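One-letter residues, chain by chain:
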Amino acid sequence: AQKVTQAQTEISVVEKEDVTLDCVYETRDTTYYLFWYKQPPSGELVFLIRRNSFDEQNEISGRYSWNFQKSTSSFNFTITASQVVDSAVYFCALSEAGANNLFFGTGTRLTVIP
Amino acid sequence: ETGVTQTPRHLVMGMTNKKSLKCEQHLGHNAMYWYKQSAKKPLELMFVYSLEERVENNSVPSRFSPECPNSSHLFLHLHTLQPEDSALYLCASSQDGGLYNEQFFGPGTRLTVL
């Protein structure tokens, strides 16, 4: 079973629409970290956010916001008022602190249409 | 730019060739990583080096041989590869070797094995 599931393979939205990227994770560790990375066409993954398992507060950074729900093992990412520059592949990842493992999801390709 | 560079950006090699991928980080980090990114599969962590010592080797075939001569440089030596090894190989670095850390990625080397 995959540790990190990103069920949406591809999403297309029109510019200025809001979009939510889903991430569901699986772990037995009590201490773990969740990440989102963005991979633009240039190839390098760009770090967006890290949350630890003890901090369920939602976070907002500009047009980006993250909703961490331990009860549903989800860490969803919302982009409001999407822009063409948001077009990229977005990866969710899980790090289990005890085992020092890191698992990525398969990514969601977001296309923002002008 | 993330401060992590990789060369070459593209590489085509035959199954009997020997080649090396190079990664350099200019961030003063102590840990470096090799990942393999294949189409429609999760990003796979291959090797982790912390303070120039290999700390993780995730069941990678011996035809991939990493080398970390110092904390700023990481190589991946390739020999007798198979066509299924064709992928994007990403290098990353972080402050230390805990996989709970934010990682900074290079742009990758697109490898094609004929």
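Read on for an overview of the structure. Residue indices follow the written sequence of each chain, beginning from 1 at its first position. Chain letters and ligand numbers both follow the written order, the letters beginning at A and the numbers at 1. Since the coordinates come from a predicted model, pLDDT governs what is reported: local features require at least 70, and pairs of side-chain atoms require 80 or more to be given and counted, while whole-chain, interface and lining totals use all residues. By convention in this description, side-chain values take in all heavy atoms of the structure and omit both hydrogens and water.

1. Observations concerning the sheet that holds strand E1 (residues 4-7) of chain B
Residues and elements named next belong to chain B. Read across the open sheet, the 4 strands follow the order E1-E3-E8-E7; overall the sheet is antiparallel. Edge strands, defined here as strands with exactly one partner in the open sheet, are E1 and strand E7 (64-70). Direction aside, the axes of adjacent strands within the sheet are offset by 20 degrees on average. Should DSSP find at least two bridges between two strands, the strands are regarded as paired. Going along the chain from the N terminus, every DSSP run of H or I of four or more residues is numbered as a helix, and every run of E of two or more is numbered as a strand. Under this scheme, a helix contributes an axis fitted over its contacting stretch, all axes are lines through C-alpha atoms, and angles between N-to-C directions fall in the 0 to 180 degree range.

2. A look at the interface of chain B and chain A
At the junction of the two partners, chain B supplies 21 residues and chain A supplies 19 residues. Take the accessible area each of two parts loses on contact, using a 1.4 Å probe, and add the two losses: that sum is the buried area. When chain B packs against chain A, close to 1,600 Å² is buried across both sides, 57% of that on carbon and sulfur atoms. Polar contacts here mean pairs of N or O atoms no more than 3.5 Å apart (in protein, one a potential hydrogen donor and the other a potential acceptor; neighbouring residues in sequence count only if both atoms are side-chain atoms). Between chain B and chain A we count 6 residue pairs in polar contact (both at pLDDT 80 or more) in total. The set of elements that each furnish at least two residues to the side of chain B that touches chain A consists of strand E4 (31-37) and strand E9 (87-94) of chain B. Residue composition of the side of chain B that touches chain A, grouped by class: 9 nonpolar, 7 polar and 5 charged. Contact between two residues is taken to exist if any of their heavy atoms lie within 4.5 Å; hydrogens are not considered. Three classes are used, and their members are as follows: Ala, Val, Leu, Ile, Met, Phe, Trp, Tyr, Cys and Pro are nonpolar, Asp, Glu, Lys and Arg are charged, and the others, Gly among them, are polar.

3. Considerations on the pairing of E4(B)
Residue and element names in this part refer to chain B. Across the 7 residues that make up E4, a large majority, 7, are buried. The side-chain alternation of E4 yields two buried faces, one formed by Ala-31, Tyr-33, Tyr-35 and Gln-37 and the other by Met-32, Trp-34 and Lys-36. As paired strands, E4 and strand E5 (residues 44-50) are joined by 6 bridges and run antiparallel to one another. From the neighbouring strand, Met-32 faces E5, where its bridge partner is Tyr-49. Remark: 6 residues form the turn of the hairpin made by E4 and E5, two consecutive strands paired antiparallel; Lys-40 in that turn has positive phi of roughly 60 degrees. Across 7 bridges, the pairing between E4 and E9 is antiparallel. By the bridge assignment for E9, Lys-36 is matched with Tyr-89. We call a residue buried when its accessible area falls under 20% of the maximum for its residue type, exposed when it is over 50%, and partly exposed in between, using a 1.4 Å probe and counting protein chains only.

4. Remarks on the state of the cysteines
Any pair of cysteine sulfurs within 2.5 Å is marked as a disulfide. Here the structure, examined in full by the defined rule, presents 2 disulfides over all chains. Bridging A:Cys23 to A:Cys92, the disulfide has an S-S length of 1.9 Å. One disulfide, between A:Cys23 and A:Cys92, carries an S-S torsion of -65 degrees and so falls in the left-handed class. Of this pair, A:Cys23 sits in the loop between strand E3 (19-21) and strand E4 (24-25) while A:Cys92 sits in strand E10 (residues 88-96), placing them 69 residues apart in sequence. Of the two residues, A:Cys23 and A:Cys92, neither departs from the other in class, the shared state being buried. Free of any disulfide, B:Cys68 has its nearest neighbouring cysteine sulfur in B:Cys91, separated by 9.1 Å.

5. Comments concerning the nonpolar core
We call a set of buried residues a nonpolar core when its members are Ala, Val, Leu, Ile, Met, Phe, Trp, Tyr or Cys and they connect through side-chain atoms within 4.5 Å of each other. Grouped together as the largest cluster of nonpolar side chains are 23 residues, with contacts concentrated most on A:Trp36, A:Phe77, A:Tyr90 and A:Leu110. Of all the secondary-structure elements, those providing two or more residues to this core are strand E2 (10-14), E3, strand E5 (32-39), strand E8 (64-69), strand E9 (74-79), E10 and strand E12 (108-113) of chain A. Setting aside residues up to four positions removed in sequence, A:Phe77 forms contacts with A:Val19, A:Thr20, A:Leu21, A:Trp36, A:Leu48, A:Tyr64, A:Ser65, A:Trp66 and A:Tyr90. Core analysis: the second largest hydrophobic core is formed by 22 residues, B:Cys23, B:Trp34, B:Phe47 and B:Leu74 among them.

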